[in-house]
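Descriptive structure summary
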Amino acid sequence: MAHNNPHYDPGWAGFFLALLGIAGCLIAFTGLAVTIALLRVGGRKTWGNYVIGPAILVIGLAIIAVGFQLL
């Protein structure tokens, strides 16, 4: 965010947004791993096998977008 005050102290905002982005990366990686694992499971597959992993992945990608876009 641009400020007119040259002595503006952004504080810890950048650190916590970067931390949020890294946490989003971990969540997205977990969603990808769950998606692959559930697709590889043998036997009868229900709708949950196709929805749970991608839902976690989308949540992780949304957190990444918020964390890294606002830096």
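Residues numbered from 1 in each chain as written. Predicted model: local features only at pLDDT ≥ 70, side-chain atom pairs only at ≥ 80, totals over all residues. Heavy atoms only, no water.

Next up on the list: the packing of helix H1 (residues 13-40) against helix H2 (residues 47-69). H2 packs onto H1 with a crossing angle of 165° between their chain directions and a minimal axis gap of 7 Å. Comparing their axes, H2 and H1 come out roughly antiparallel. Pair H1 / H2 crosses with left-handed handedness. Of the residues belonging to the contact of H1 with H2, the class tally is 21 nonpolar, ten polar and no charged. (Axes fitted to C-alpha atoms, helices over the stretch in contact; angles between N-to-C directions. Helix = DSSP H or I, 4+ residues; strand = E, 2+ residues; numbered from the N terminus. Parallel < 35°, antiparallel > 145°, perpendicular 65-115°, else oblique. Left-handed = near helix turned anticlockwise from the far one by under 90°. Nonpolar A, V, L, I, M, F, W, Y, C, P; charged D, E, K, R; others polar.)

This paragraph deals with H2. With 23 residues, H2 should cover 33 Å at 1.5 Å per step; its first-to-last C-alpha distance of 33 Å lies within 8% of that length. Where H2 is buried, its residues contact H1. (Expected span 1.5 Å × (residues − 1). Contact = heavy atoms within 4.5 Å.)

Tracing the chain through its elements places threonine 35 in helix H1. With near-sequence residues (within four places) excluded, threonine 35 lies in contact with Gly53 and Pro54.

For the rest of this paragraph, the subject is the environment of isoleucine 36. In this fold, isoleucine 36 is placed in helix H1. Isoleucine 36 sits eleven residues away from tryptophan 47 along the chain, and the two C-alpha atoms are 15 Å apart.

This brings us to the packing of aromatic side chains. Using the criterion set out here, one finds three aromatic pairs in the structure. Residues tryptophan 12 and phenylalanine 15 carry aromatic rings whose centres are separated by 5.6 Å and whose planes lie at 80° to one another, so their mutual orientation is edge-to-face. Residue tryptophan 12 is classed as exposed on the basis of its relative accessible area of 60%. On the basis of an interplanar angle of 40° and a centroid distance of 6.1 Å, the ring pair of tryptophan 12 and phenylalanine 16 is categorised as tilted. Phenylalanine 16 sits in the partly exposed class, given a relative accessible area of 49%. (Phe/Tyr/Trp six-rings, centres within 6.5 Å; stacked < 30°, edge-to-face > 60°. Buried < 20%, exposed > 50% of the residue type's maximum accessible area, 1.4 Å probe, protein only.)

Once that is clear, we can look at a nonpolar patch on the surface. Nonpolar side chains collect at one region of the surface, where Trp12, Phe15, Phe16 and Leu19 lie side by side and expose about 490 Å² of accessible area between them. With respect to the secondary-structure elements, leucine 19 resides in helix H1. The partly exposed category is assigned to leucine 19, whose relative accessible area is 43%. (Patch = residues over 30% accessible without salt bridge, like charges linked within 9 Å, V, L, I, M, F, W, Y side chains within 5 Å. Areas by Shrake-Rupley, 256 points an atom, 1.4 Å probe, with all protein chains shown as cover. Salt bridge = Lys/Arg side-chain N within 4 Å of Asp/Glu carboxyl O.)

Glancing now at the environment of isoleucine 63. Mapped onto the fold, isoleucine 63 is located in helix H2. Note: C-alpha distance between isoleucine 63 and isoleucine 22 (41 residues apart in sequence) is 9.0 Å. Discounting chain neighbours no more than four positions away, the residues touching isoleucine 63 are Leu20, Gly24 and Ile27.

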